[in-house]
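Now for the letters of each chain:
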Amino acid sequence: MRLNRTKNHFLNWLLISIGYLLSPLSWWNDLFINLPLAYLFACLFSLFSPRLFTPGIIAGYWLTNITGLLLIHLASLRLAGVKRLTRRQWLINGLISAGYSLLILILVLRRILKPFWLYQH
């Protein structure tokens with residue numbers, strides 16, 4: 001019984017860690033995790049139509065952030081010891097996510113960021 005509880009405790013902290021890395025709480029990690037995942041997401045959608053690249057990268061970025069927040073929330077509920085974020089913290093995190101989304105949009109519209117198979121060598 002104790003081993004199962006320790007395993008669940010470890011799993012919850014692992015989910016919180018992964019969620020933190022995906023969430024807007026770790027804005028510094030977007031460049032290394034969220035943006036590459038959003039880029040891959042957009043590349044997959046652009047296989048169906050190149051027009052889907054721009055909405056795909058924005059949607060992919062937001063999905064990584066939402067997934068991260070959900071992982072944190074669900075795992076912390078299991079641990080039952082994590083406090084909720086204040087409205088101010090939610091607002092700041094939302095503004096950071098919106099800022100990154102605007103940056104991605106500008107990079108895509110200026111054709112700096114595009115599917116890798118459209119780069120000409």
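Refer to the structure presented above.
K.L.:
Looking at this structure, I do not really get the overall build of the protein. What am I missing?
P.N.:
For the protein, the count of helices and strands is four helices and zero strands. When the helices and strands of the protein are listed from N to C terminus, the series reads α-α-α-α. By sequence separation, contacts in the protein at least 24 residues apart represent 70% of the contacts at least 6 residues apart. Approximately 8900 Å² of the protein is accessible, and the part contributed by carbon and sulfur atoms is 70%.

K.L.:
Explain the side chain of D30 here, please?
P.N.:
With respect to the element layout, D30 can be found in helix 2 (residues 30-46). For the buried D30, which has no salt bridge, the nearest side chain bearing the opposite charge is R88, at an N-O separation of 18 Å. Among the polar contacts listed, one links the side chain of D30 to the side chain of N34, at a separation of 3.2 Å.

K.L.:
What is the right way to read unusual backbone geometry from this model?
P.N.:
For residues that are not glycine, phi is negative in most cases, and the peptide bond is trans in most cases. Its identity as a non-glycine residue notwithstanding, R111 has a phi of 60°, on the positive side. Judged by its relative accessible area of 66%, R111 is exposed.

Conventions and cut-offs
- Residues numbered from 1 in each chain as written.
- Predicted model: local features only at pLDDT ≥ 70, side-chain atom pairs only at ≥ 80, totals over all residues.
- Heavy atoms only, no water.
- Helix = DSSP H or I, 4+ residues; strand = E, 2+ residues; numbered from the N terminus.
- Contact = heavy atoms within 4.5 Å.
- Areas by Shrake-Rupley, 256 points an atom, 1.4 Å probe, with all protein chains shown as cover.
- Buried < 20%, exposed > 50% of the residue type's maximum accessible area, 1.4 Å probe, protein only.
- Lys, Arg positive; Asp, Glu negative; His and termini not counted.
- Salt bridge = Lys/Arg side-chain N within 4 Å of Asp/Glu carboxyl O.
- Polar contact = N/O pair within 3.5 Å; in protein donor to acceptor, adjacent residues only side chain to side chain.

The values reported here are purely geometric and, on their own, carry no functional implication.
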